[in-house]
Amino acid sequence: MRSAMPQKCLSPVINATASRVKRAESLTQVIARPANLCDSARSTMKLNTLTVSLVAGVLLLAGCGKKEESASAGSGAANSANASAVATLEFTANDSMKFNLNRAEVKAGQEVKVILTNIGSMPKAAMGHNWVLLKKGADIQAFDKAAIGAAATDYVPASMQDQIIAHTKLLGPKQTDEITFKAPTEPGEYVFLCSFPAHYQAGMKGVFVVQ
Ligand code: CU
């Protein structure tokens, strides 16, 4: 009887323990589940990462394609970049013996386009204009003097050709001339002028800065 009692008493304990173990088991399962969830989440994430890298890869490839595209179009863009690298200088000359600009800046070796327009109305013989860029160290006074006697060559003296980098034609009223040349590779200040007699003395000149 004595032993039966504890047995009877114990059995609920055992049962309780068993149920606790069961609960513990289920708890473990519950605890394990999030871990499993984590694993599955991780694998999903891995998949996502894979997907992301795939997408990234595709985008990268697409990007590469675009790059190649822009590179091939780029030759056009590079050309236009080169085209925009051309320094276009628009000068006007008037009956008051004045250029609109007395200073211009370009880069060393840059492609330069000079457009000169005579916006005056006086006859070319009395008020012709040109735009002449002289080399560095040119004797400007000597050039100007020589130009006076060079009417036959539109006041661009043949004897001074070696002093000239570039020049436009001599223009009458409403005429335009356009020239293209390479800027000197040596940075510094160069002089441009109109070589029509007395125009340089009247101030038809400017500084052409090569940077
Ligand atoms: Cu002039």
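Just above sits the structure.
Reference entry: report on the structure contained in this document. Note that the structure is a prediction, hence the values are computed from the model and not measured. (Residues numbered from 1 in each chain as written. Predicted model: local features only at pLDDT ≥ 70, side-chain atom pairs only at ≥ 80, totals over all residues.)

## A closer look at the pairing of strand β2 (residues 103–106)
- Of the two faces of β2, only the one carrying A104 and V106 is buried; R103 and E105 on the other face are not.
- Across four bridges, β2 lies against strand β8 (residues 205–210) in parallel orientation. Note that in β8 the partner of R103 across the bridge is V207. (Buried ≥ 20, exposed ≤ 12 C-beta atoms within 10 Å, placed from the backbone. Helix = DSSP H or I, 4+ residues; strand = E, 2+ residues; numbered from the N terminus. Pairing = 2+ DSSP bridges.)

## What about the sheet that holds strand β6 (residues 176–182)?
- With mixed pairing, the three strands of this open sheet are ordered in space as β1-β3-β6. Strand pairing shows two members of the sheet lacking a second neighbour, β1 (87–93) and β6, which therefore form its edges. Averaged over all pairs of adjacent strands, the angle between their axes in this sheet comes to 20 degrees, without regard to strand direction.
- Looking at chain direction, β1 and strand β3 (residues 111–118) are connected through seven bridges and run parallel. Bridged to T92 within β3 is T117. (Axes fitted to C-alpha atoms, helices over the stretch in contact; angles between N-to-C directions.)

## What about the sheet that holds β2?
- Within the open sheet, the five strands sit side by side as β2-β8-β7-β4-β5. Their pairing is mixed. Two strands lie at the open edges of the sheet, namely β2 and β5 (164–167), each paired on one side alone. Averaged over all pairs of adjacent strands, the angle between their axes in this sheet comes to 25 degrees, without regard to strand direction.
- With six bridges joining them, strand β7 (residues 188–193) and β8 adopt antiparallel strand pairing. Each bridged residue has a counterpart across the sheet, and for V191 the counterpart in β8 is V207.

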